[in-house]
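# Descriptive structure summary
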Amino acid sequence: GAYARASRDEKERFRKAVVAEYSAQLGRAKDALGDKWAVEVDGHVHMHMIPFVFECLLSLIDRFGIRYIRLPRERYTTGVSGLFGWASVNLAKMVVLSMLSAGKLRGLRERGVSTCDVYYGTLHSGLISETTLLRILDEIASSPLEGTAEVVLHPAAADADEAHLWKNNRLC
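Residues numbered from 1 in each chain as written. Predicted model: local features only at pLDDT ≥ 70, side-chain atom pairs only at ≥ 80, totals over all residues. Heavy atoms only, no water.

Looking only at helices and strands, one finds eight helices and four strands in the chain. Start at the N end of the chain and walk to the C end: the helices and strands fall as α-α-β-α-α-β-α-α-β-α-β-α. Across the 172 residues in the chain, those meeting the buried criterion constitute 33%. The long-range fraction of contacts in the chain, counting pairs at least 24 apart against all pairs at least 6 apart in sequence, stands at 73%. When the accessible surface of the chain is summed, it comes to about 11,300 Å², and 55% of that surface belongs to carbon and sulfur atoms. (Helix = DSSP H or I, 4+ residues; strand = E, 2+ residues; numbered from the N terminus. Buried < 20%, exposed > 50% of the residue type's maximum accessible area, 1.4 Å probe, protein only. Contact = heavy atoms within 4.5 Å. Areas by Shrake-Rupley, 256 points an atom, 1.4 Å probe, with all protein chains shown as cover.)

Structure below.
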């Protein structure tokens, strides 16, 4: 919100601050990894998809050798439960991220930066089950698209009263 209301000078300060922060983080990682350095950006909670932040990231592609940036262009997957509860928030996030991703693929490819061809993770965030994960994997396997599929899962720990349910689960 602050960026949208900012003056031209304030927006430039925001952009410089974002570039400085990205540069600091990428530089530190590059120093730590040395020859193993390979940059893939998938930004926490997709912060890199905010339009001015994305432009700042693009300005660093050559400097840091960024070779991959996640574009969360998720397709709707059938069988989502709770669309009028918690999942309705996920559906809204999925739509917004898809809109923010629109039109960015060509620019990445022109710069030699790849992205996933199929992405899943936002719609089912906090709701993933074995059944849902298997449905997603089946959808990927049966898709005519070739390329990279990315499925985002967040690790979790079972509550003490649920631990027995996960003890012998083949997905854990």
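With that settled, the discussion passes to the pattern of salt bridges. Applying the stated criterion across every chain yields a total of six salt bridges. As a salt-bridge pair, Asp 117 and Arg 109 come within 3.5 Å of each other at their nearest N and O atoms. Looking at Arg 109, the relative accessible area reads 51%, which means it is exposed. Here the salt bridges do not stand alone but share partners, grouping Asp 42, Arg 70 and Glu 150 into one network. (Salt bridge = Lys/Arg side-chain N within 4 Å of Asp/Glu carboxyl O.)

With a phi close to 60°, His 46 is a non-glycine residue in the positive phi region. Here His 46 is to be found in the loop between β1 (39–41) and α3 (51–58). Looking at His 46, the relative accessible area reads 12%, which means it is buried.

We now examine the packing of aromatic side chains. For the structure shown, the criterion picks out three aromatic pairs. Residues Tyr 3 and Phe 52 carry aromatic rings whose centres are separated by 3.7 Å and whose planes lie at 5° to one another, so their mutual orientation is stacked. Residue Tyr 3 is found in helix α1 (residues 2–5), and its partner Phe 52 is found in helix α3; the two are separated by 49 residues along the sequence. Above the face of the Tyr 3 ring, Lys 11 is positioned so that its terminal group lies 5.3 Å from the ring centre. (Phe/Tyr/Trp six-rings, centres within 6.5 Å; stacked < 30°, edge-to-face > 60°. Lys NZ or Arg CZ within 6 Å of the ring centre and 35° of its normal.)

Moving on, we come to the nonpolar core. Ranked by size, the top nonpolar core spans 23 residues in total, and within it Tyr 22, Leu 26, Phe 54, Ile 66, Ile 69 and Leu 108 carry the most contacts. When residues of this core are traced back to their parent elements, those giving at least two are α2 (8–33), β1, α3, α4 (61–64) and β2 (66–69). The contact partners of Phe 54, leaving out residues within four places of it in the chain, are His 48, Met 49, Ile 69, Leu 71, Lys 104 and Leu 108. (Core = buried A, V, L, I, M, F, W, Y, C linked by side-chain atoms within 4.5 Å.)

Moving on, we get to the side chain of Ser 23. For Ser 23, the location among the structural elements is in helix α2. Polar contacts involving the side chain of Ser 23 include one to the side chain of Arg 63, which spans 3.0 Å. Once residues within four sequence positions are removed from consideration, Ser 23 is found in contact with Leu 60, Arg 63 and Phe 64. (Polar contact = N/O pair within 3.5 Å; in protein donor to acceptor, adjacent residues only side chain to side chain.)

A word on the environment of Arg 13. Locating Arg 13 in the fold gives a position in helix α2. When the C-alpha positions of Arg 13 and Tyr 3 are compared, they lie 9.9 Å apart, and in sequence the two are ten residues distant.

Attention now goes to a nonpolar patch on the surface. A contiguous nonpolar surface patch, about 270 Å² in accessible area, is contributed by Val 45, Met 47 and Ile 50. Counting through the fold element by element, Met 47 comes out in the loop between β1 and α3. (Patch = residues over 30% accessible without salt bridge, like charges linked within 9 Å, V, L, I, M, F, W, Y side chains within 5 Å.)

Here the focus is α3. Judged by how many residues are buried, α3 sits mostly within the fold: six of eight residues are covered. Those residues of α3 that fall on the buried side of the exposure criterion are Phe 52, Val 53, Phe 54, Cys 56, Leu 57 and Leu 58. Tucked into the core, α3 has its buried residues touching α1, α2, β1, α4, β2 and α6 (104–110).

Here we come to the packing of α2 against α3. Relative to each other, α2 and α3 sit at 50°, their axes nearing to 9 Å. Classified by the angle between their axes, α2 and α3 sit oblique to one another. Judged by the twist between their axes, the crossing of α2 over α3 is right-handed. Of the residues in α3, those touching α2 at Phe 14, Arg 15, Val 18, Val 19 and Tyr 22 are Phe 52, Val 53, Cys 56 and Leu 57. Taken together, the residues of the contact of α2 with α3 break down into eight nonpolar, no polar and one charged. (Axes fitted to C-alpha atoms, helices over the stretch in contact; angles between N-to-C directions. Parallel < 35°, antiparallel > 145°, perpendicular 65-115°, else oblique. Left-handed = near helix turned anticlockwise from the far one by under 90°. Nonpolar A, V, L, I, M, F, W, Y, C, P; charged D, E, K, R; others polar.)

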